[in-house]
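Listed below are the residues making up each chain.
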Amino acid sequence: MLLTILAADDGGGGSSIVGLLPLLALPALFYFLLIRPQRRRMKEQQALLSQIEEGDEVQTTAGILGFVTAIEGDIVWLEIAEGVDVRINRGAIARKVTAPAEPEEQPADEDTDVGESA
């Protein structure tokens, strides 16, 4: 009788480990979905802020666009209009603005007369 009780306990022990598997996988899921991408974004932002130089066109976190005229440690002077300079914290810079590439001029096709019949 004692052997049958012990045999029944051995079969149920494996299912309790399987039941704990989602609880053990949850921290790994949080790491790969939340923590790791956030750290990557922070590193990219820090690299951007360290590469800011005078003359760069930047956008602030408030959406203000301007050109960097001077850098004094963590303070950046931003020219937002001709003769208008504002002083902002370097951390308020969201991104560098790159000039859009001009589309190449394509020659007009002479054979594309729409609506004319021969």
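Every chain's residues receive numbers from 1 upward, in the order its sequence appears when written. Where totals are concerned, whole chains, interfaces and linings use all residues; where local detail is concerned, this predicted model gives features only for residues with pLDDT of at least 70, and gives and counts side-chain atom pairs only at 80 or more. Hydrogens are left out, water is left out, and the side-chain values use all remaining heavy atoms of the structure.

## Quick look at the nonpolar core
Logical step 1: The term nonpolar core refers to a set of buried residues drawn from Ala, Val, Leu, Ile, Met, Phe, Trp, Tyr and Cys, joined through side-chain atoms within 4.5 Å. Between buried and exposed lies partly exposed: a residue is buried under 20% and exposed over 50% of the maximum accessible area for its type, with that area taken using a 1.4 Å probe on protein chains only. If you look at the biggest cluster of nonpolar residues, it comprises nine residues: Leu48, Leu49, Ile52, Val58, Val68, Val76, Leu78, Ile88 and Ile93.
Logical step 2: Helix and strand definitions here come from DSSP, where helices need a minimum of 4 consecutive H or I residues and strands a minimum of 2 consecutive E residues; each element is numbered from the N-terminal end. Listing elements by their share of this core, those giving two or more residues are helix H1 (2–51) and strand E3 (75–81).
Logical step 3: Residue contacts follow a heavy-atom distance rule, with two residues in contact if any of their heavy atoms lie within 4.5 Å. Excluding anything up to four places from it in sequence, valine 76 contacts Val68, Ala70, Val86, Arg87, Ile88, Arg90 and Ile93.

## Observations concerning the packing of aromatic side chains
Logical step 1: Each aromatic pair joins two rings of Phe, Tyr and Trp (for Trp, the six-membered one) with centres within 6.5 Å, and gets the label stacked for planes under 30 degrees apart, edge-to-face for over 60, and tilted for any other angle. Applying the stated rule across the entire model yields one aromatic pair.
Logical step 2: Summarising the aromatic geometry, the rings of tyrosine 31 and phenylalanine 32 are spaced 5.1 Å apart at their centres and angled 80° between planes, so their arrangement reads as edge-to-face.
Logical step 3: Overall, tyrosine 31 belongs to the partly exposed group, its relative accessible area being 34%.

## A short note on the environment of serine 50
Logical step 1: In this fold, serine 50 is placed in helix H1.
Logical step 2: Each C-alpha atom, one on serine 50 and one on arginine 90, is 9.2 Å from the other, the two residues being 40 residues apart in sequence.

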